[in-house]
Every structure is written in structure tokens, then in C-alpha cells.
Amino acid sequence: MSFAMSNGYELWLNYDKISDDTVLKTYRNQLQSVFMEEGGATMEAIMMELEMGLGGLLDREIRFDSLPSSGNQLVVSKYGSLPKDFKEDINIDYLNSEGYIIKHIKKSGRGYLVITGKEDIGLLYGTFHLLRILKMHQTLEGLNLEESPKVDIRMLNHWDNLDRTIERGYSGFSIWNWQTLPDYIDQRYIDYARANASIGINATALTNVNANALILTPQYLEKVQALAEVFRPYGLKVYLTARFSAPMEIGGLETADPLDQEVIQWWKNKAAEIYKSIPDFGGFLVKANSEGQPGPQNYGRTHLDGTNMLADALTPYKGNVIWRAFVYSEHDAEDRAKQAYSEFVPDDGKYRDNVLIQVKNGPIDFQPREPFHPMFGAMPNTPLMMEFQITKEYLGFATHLVYLPKLFEEVLQSDTYQKGKGSTVAKMVDGSLNTKKLTGMAGVSNIGTDTNWTGHPFGQADWYGFGRLAWDPSMNSEAIADEWLRTTFSNDEEFIKSVKKMMLESREAVVNYMNPLGLHHIFDTSHHYGPGPWVGNLSRPEWNPVYYHKADEDGIGFDRTKTGSNALSQYAPAFEEKFGNLETCPEEYLLWFHHLPWDYQLKSGRTLWDGLGIKYQQGVDQVKQMINTWENMKPYVDEYRHNQVRMLLGIQLKEAKWWRDACMLYFQTFSKMDFPKEMESPENTLEYYKSLKFPYAPGIRPQWD
Ligand code: BDP
């Protein structure tokens, strides 16, 4: 077999000719011509995608024809414009405005594959779905698909700074070239919009949540407008991060107090100015009173005051405020995991209708494994937006192969018990549990200027999977891996089977070699690259790893039961009971909720100490297994990408061992016990691991140094 080299730029949208001749012949016969309803920019985008996609996959010029046609045809048309006899075969009653139907119907001996919906954007989403079907070699005969997104706002959050560095970015610089905008439209902007539309992402916040007020000045808004124009045909709305002190920094006011009349007016004027040039502007994303960012509390006001003030400024234009719940204070001695809940839950139901509170998936910070955030089960009257992190700040940067949709799925399928058993986080997020009016899911982007966008070729799967889950939070991660592999690499069953297995197991591997048995936040400080469980000298207690593992001679773990911080009380009684009781607490969460002696007996009969070492070793062994799997995949993958992944897996193995050795040596200073026999001996001393410094590790926020 020979393969075209792929540098990965095309993502899952590579349209090389279908290699299976039988499949190709069938599709060519079924799609002899295309009928397209005439229309605006979105219809043009569809036409362009069909010319590239259908033209490429079928390896021929696309013939556009009238309806009815002389042969079998693809029909792309809004329902309202379809001929009457086509309408009779299709029911769009249950579609929402972004939804679509793909249906294969027969008329006078001809086959018509109809993509239809209520709006143009539905047709675009349907077109991408069809191209996916073709790339996966699925049958068109008898096709009858109906899809509507279950979540309203499906959004990427770019933590991109105006100097093009990216906070927690590991795949190059920001793709937004502010210097050449608005005049120069990089092809990447268009391809970015295409890629997002192909997985249903419909919103993007362009700038870092640690915001720079300059983005709201005319000089930058003109550039934002240019991007918004590129994105519009693809249904992608632009949001900006709003720095709460902007009225002072760029408005010349003396205060940013949300109850001050001048401040209120300043934001109203700013909204009017933005909507004048970007009529479909999405709204503001805000990080306030968190990690040094300004906010309403600087003026003795509450998050509610700040949120509603901004919301009022956007109401006339149907814009939204997305207010982040990632707040914790150095002045609060309370367990960090409890603080956001205490801050926001009392105001449930008091937010304006155009407000969403954006909550990270877990109560601490995007760890390899966390229980779901208790707010998801506690604010039935407020739209809560899920925030996942696609970039791997705590999961090995862009060098580790860790398939994140598996993590996302675990969170979404967790039971909050809010309305009894089965009240999953997914049902909360998609609004079905409380019939929420506004719903959303955000993912902190892993995209940069690297040729393949995400650094690690498998990082693309995380972007892809995030989009698919935002469209339908009940999807399973295995089906997503299947789609991504087939559309990105190959349909070969042997390849799919092995690599899918590797992807699905990769998330547990990273948990094992970094943070097993419920350990969390034991990363080296500031850059979060590698282990740093010994760090205990930072000014804020909750920035220190020792705060989270609490290891001492008696044992290890954070007691969050009644005898400890009682963070468990923020969950529903059924959850509290299960996780609070050592008999029933799943061992993956043991040290998240309990402080236990080193010789505590695990279900396996081994001590906690042995169990820890065994898990760390298991993580290392899993990476070795991944390396084996990948070696065997050589016949199925082009040399370029095979080599890339092979080298990256080498780094992953090195770092998995580093984690195992550094953590076990450090914890041994407390446990004073021998390593379990299953564990390989450490390769270096604890002093060596402690001495490692990474002054230029990527993705750090300069002001945090
Ligand atoms: C933490 C990151 C920090 C972000 C912060 C946030 O370390 O860079 O600014 O989250 O989400 O995970 O605001």
C-alpha cells in the first residue's frame, strides 16, 4: 500500500478520491448531479464544499442540474423551497433552526438524496454530515437521518493573547494575526470556520479570559469584524472576553463599579458600537474576581450585580453574557473545591435571561480525573454552561496521546441525582432536565499555528470530539473515535480496531501515571509541566500541591467528608452517601474525598501504598502497550504521521516514568515503605527530580512568573 503524505492541515476534511472501487462506483451512480437552491453566502459555502468534497471524493467535476433531473441526484434545499411532492415525503416538524434531514427518496425511478432543513445553516451541517458518510463508506440507499443540535451555544474558548502567545497553548502561536487584520484574510480563518462547522461548533471567543481591554477598542474591533465576516456564512458567532475594568482602562472612567451610572452607560455604548459593525455578535465571556482579574467585588458588589449589568447592555441586541464560575479566593480558608458553589448557588434563578454561568467540569481545575462540579446539581433555575479544556494543560501538553472525549463522556454521564437517579450532567447541560431556555458547552481550544493545528496529530480528535459532544452530549466517545479515525486516517478495520482501543484506554493511562486513586493537582508549579508534589512554598496555599495531597506520615488524601472540609455536602444526598462511605466510594476517587493511612486495605487486598505504586506502574505499562500498537499500525498510516506519533509516544513514555518515579520517591519519604514488587525501580533520585527546572515551558502566563 502507498499513501499520500499528510501533514495534517486538512484535519478530518481530507477529500482524496475514495480508494474502494466498488464504493466509489456506487456513489458515482447515486450522486450523478447536484441540485442546489439559490441563496446567499452560506449556500455559496455549501457549493464550495461540495465542489471540493464531493468532487474530490468522487474524483470528478460536480455537475449542477435542475430538479427533477435526468438521473440520480443530490438535492440541497430548504424545506420551504422543495417541490410539493418532495415535501410530502419529509417531515421537518421536529427540527430546530440548525437541524437537518438527509433522506434518500425515490421518484419516477430516480433516486434523490435530499438534504433539507429550515435554514441555510442546517443545510451546511447536513452537507458536512453527508461528506462524513461518504468518507466512512456508509450506504446511502434508504438513508433517513434527522439531526438537531441539543445544545444552543457550542463554543470554543481561545485563551489567545493579543501578542499571539496562547495561555496554556502548546501548538504554536495564535492563529489570529492581529497585525495584518483586517486587510489580510488568512486562508486559515476560512479553514477554521469550515472545520468548526463540520462538527457543529457555532461560537468562538477569540481572546483570553485573562483579558486585555484593548480588544474592545475601535482599532481591534475592526479586526474582529473582519473575522466575524469570514465566519458568518459558517454559522460561527464571535464572542469577546470583556475585562471588567475596561471602562477605566480604555474608557477613562474612574471606576468600573457595576452600579455606577456612567459605567452602566459606558457598557451600553460599547455594545451599541460593537453591534453596529458586527450585528450577530455573540456577546461577552467574563472572568471576574478570579486569580487577580478585576470584577464587581472590587467595588463591594456581587457577581450577580456584574453579570446582570453587562447582560442589560446586551439585551437589546440579543447578545449573551457568559460569566465564569472559576472563582476562588486566597482570603477564603475554605476548601477551594467548595468556593464557587458558595459564591453562585445562593443566586440561582436571579440572573437575567441572557446569562449563562460557565462552570468547569470539575470543582478544582481540569485535572486528569475529577468528580463533576457540584454546581451542576444545584442550580436548576440558571443556565449552566459546561466548560471543558481541550488543550492539555494537565494532561501532558501536546506531546501525550490522551483521547479527551473519554473524559468528557465520563463527566457528562455522571449522575447528579438532582431529580432522582438518571439526572446526568448531560441532561443538565442540554437543558432537558430542567427545560432550560439557553444551553451551552465551551471547550478551551488546543488550536495554534502548527501545520496540523493541534501539535499532536491525535489532538485533532479532541477538537473533533468536543464539537460532536457539544452537538449531542449523549454521544459515546467510542462512536466519536470511530468517526474521527475513519475520516482522518483510514477505513481499514484492523487499523480502526487497534487504534480505537488505544485511544479509549489512553485516558485511564494518563490518570494512572499522573494522578491515580483520586490524587489531583500535584503538578509542578505555574507551567504545570511534570510532577511537583513537593511544592509547598507558594504564597497562596491552594496553589501548592501539598494542599491537595496532604501526605504525611499517617497517610495521604484530602478529607472532604464530614470529618474534613465536607465538600461532599454540596452534592445530592445519594452521591454524598456513596462517595462518603469507604465501602462504596469508587477507588478512582478515593484520595479526592478521603485521607487514608498508607496501610489502608484496598479492594485488591493490597495496601494503599502498594496500590499507588501498582497504578503508577500500570500507567507506564499502558504507554508501552500504546507504543506496540502504534508500531503495528505502520502498514496503515502514511510515514510522516506515523513517525510523528511514534516520536511523541516516546516522549510520553519518558514522562510517564518521570511521573511514577518522582511521585513515588516523594511519597516514600512519608510512607517509609518499600516499593511494591510490581513497580520498576526509579531511574533517578528524588533530589534529581526536584532539581528539574523549565523556565521556558510553553503556555505560561507571563505575569505569573
Ligand atoms: C487555570 C490555568 C490558568 C487559567 C485559569 C482559568 O492555569 O492559566 O487562567 O485556569 O481557567 O487552569 O481562568
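This is a predicted model, so every value here is computed, not measured. (Residues numbered from 1 in each chain as written. Predicted model: local features only at pLDDT ≥ 70, side-chain atom pairs only at ≥ 80, totals over all residues. Heavy atoms only, no water.)

**Here's the deal with the sheet that holds strand 1 (residues 33–36)**
Here is step 1: Strand order across the open sheet formed by 5 strands is 1-2-4-3-5, with mixed pairing between neighbours. Whereas interior strands pair on both sides, the edge strands pair on one side only; in this sheet they are strand 1 and strand 5 (144–147). With strand direction ignored, the average angle separating the axes of adjacent strands in the sheet is 20°.
Here is step 2: When strand 1 meets strand 2 (residues 73–76), the two strands line up parallel, connected through 4 bridges. Paired with Ser33 across the two strands is Gln73, which belongs to strand 2.
Here is step 3: Contacts from helix 4 (residues 120–135) reach strand 2, strand 3 (100–107), strand 4 (110–116) and strand 5 within the one sheet, and its direction differs from that of strand 3 by about 70°. (Pairing = 2+ DSSP bridges. Helix = DSSP H or I, 4+ residues; strand = E, 2+ residues; numbered from the N terminus. Axes fitted to C-alpha atoms, helices over the stretch in contact; angles between N-to-C directions. Contact = heavy atoms within 4.5 Å.)

**Observations concerning helix 17 (residues 573–580)**
Helical geometry: 3.6 residues make up each α-helical turn, so side chains three or four residues apart lie on a common side.
Here is step 1: If you check which residues of helix 17 are buried, you get Phe575, Glu576 and Phe579. Taken around the axis of helix 17, the buried residues stretch over an arc of 100°, which confines them to a single face. Facing away from the buried surface of helix 17 by more than 90 degrees, the exposed residues are Pro573 and Glu577. (Buried < 20%, exposed > 50% of the residue type's maximum accessible area, 1.4 Å probe, protein only. Arc of directions from axis to C-beta.)

**Looking at the domain arrangement of the chain**
Here is step 1: When its domains are assigned, the chain resolves into domain 1 (11–147), domain 2 (153–488) and domain 3 (512–558 + 595–691).
Here is step 2: For domain 1 versus domain 2, the distance between C-alpha centres works out to 33 Å.
Here is step 3: Of the residues lining the interface, 20 residues belong to domain 1; the matching set on domain 2 comes to 25 residues.
Here is step 4: Area buried by domain 1 at its contact with domain 2 is led by Leu11, Trp12 and Arg132, which between them contribute 38% of it.
Here is step 5: Our enumeration of links across domain 1 and domain 2 arrives at 3 salt bridges.
Here is step 6: The interface formed by domain 1 and domain 2 contains 8 residue pairs in polar contact (both at pLDDT 80 or more). (Domains from an automatic or database assignment. Buried area = accessible area lost by both parts, 1.4 Å probe. Salt bridge = Lys/Arg side-chain N within 4 Å of Asp/Glu carboxyl O. Polar contact = N/O pair within 3.5 Å; in protein donor to acceptor, adjacent residues only side chain to side chain.)

**Digging into the sheet that holds strand 6 (residues 153–157)**
Here is step 1: Strands sit in the order 6-7-8-9-10-11-12-13 around a closed barrel of 8 strands; the barrel is parallel. Averaged over all pairs of adjacent strands, the angle between strand axes in this sheet comes to 25°, irrespective of strand direction.
Here is step 2: Two strands pair when backbone bridges link them, and strand 10 (residues 320–324) and strand 11 (residues 355–360) are joined in this way by 4 bridges, in the parallel orientation. Bridging across to strand 11, Arg324 finds its partner in Gln358.

**Describing the site of the ligand**
Here is step 1: Taken together, 15 residues lie near the ligand, and Glu167, Lys287, Lys360, Asp365 and Glu393 sit nearest.
Here is step 2: Between Arg168 and the ligand, the recorded distance is 2.9 Å, taken from a side-chain N or O atom to an oxygen atom.
Here is step 3: Within the contact set of the ligand, an oxygen atom lies 2.7 Å away from a side-chain nitrogen or oxygen of Arg324.
Here is step 4: Split by residue class, the shell around the ligand holds 5 nonpolar, 2 polar and 8 charged. (Near = heavy atom within 4 Å. Nonpolar A, V, L, I, M, F, W, Y, C, P; charged D, E, K, R; others polar.)

**Some thoughts on the packing of aromatic side chains**
Here is step 1: Here the structure, examined in full by the defined rule, presents 52 aromatic pairs.
Here is step 2: With 5.0 Å between their ring centres and 70° between their planes, Tyr394 and Phe523 make a pair best called edge-to-face. On the criterion of sequence distance, the pair formed by Tyr394 in the loop between strand 12 (384–389) and helix 11 (405–412) and Phe523 in the loop between helix 15 (493–514) and helix 16 (545–549) is long-range, its members being 129 residues apart.
Here is step 3: Under the relative-accessibility criterion, Phe523 is labelled buried at 2%.
Here is step 4: Geometrically, the ring pair formed by Tyr571 and Phe575 is stacked, given 4.2 Å between the ring centres and 20° between the ring planes. Just as Tyr571 is buried, Phe575 falls in that class too.
Here is step 5: The ring of Phe558 has Lys550 lying over it, and the distance from NZ or CZ to the ring centre is 4.3 Å.
Here is step 6: Here the basic side chain of Arg560 rests over the ring of Phe558, its NZ or CZ set 3.7 Å away from the ring centre. (Phe/Tyr/Trp six-rings, centres within 6.5 Å; stacked < 30°, edge-to-face > 60°. Lys NZ or Arg CZ within 6 Å of the ring centre and 35° of its normal.)

**Focus: the pairing of strand 6**
Here is step 1: Within strand 6, 5 of the 5 residues are buried, which leaves it mostly tucked inside the rest of the structure.
Here is step 2: Burial of the side chains of strand 6 extends over both faces: Ile153, Met155 and Asn157 are buried on one face and Arg154 and Leu156 on the other.
Here is step 3: Where strand 6 lies against strand 7 (residues 203–205), 3 bridges are found, and the strand directions are parallel. Each residue of the ladder has a partner; that of Met155, found in strand 7, is Ala203.
Here is step 4: Note on the crossover from strand 6 through helix 5 (residues 187–198) to strand 7: the handedness is right-handed. (Right-handed = clockwise from strand over helix to strand, strands pointing away.)

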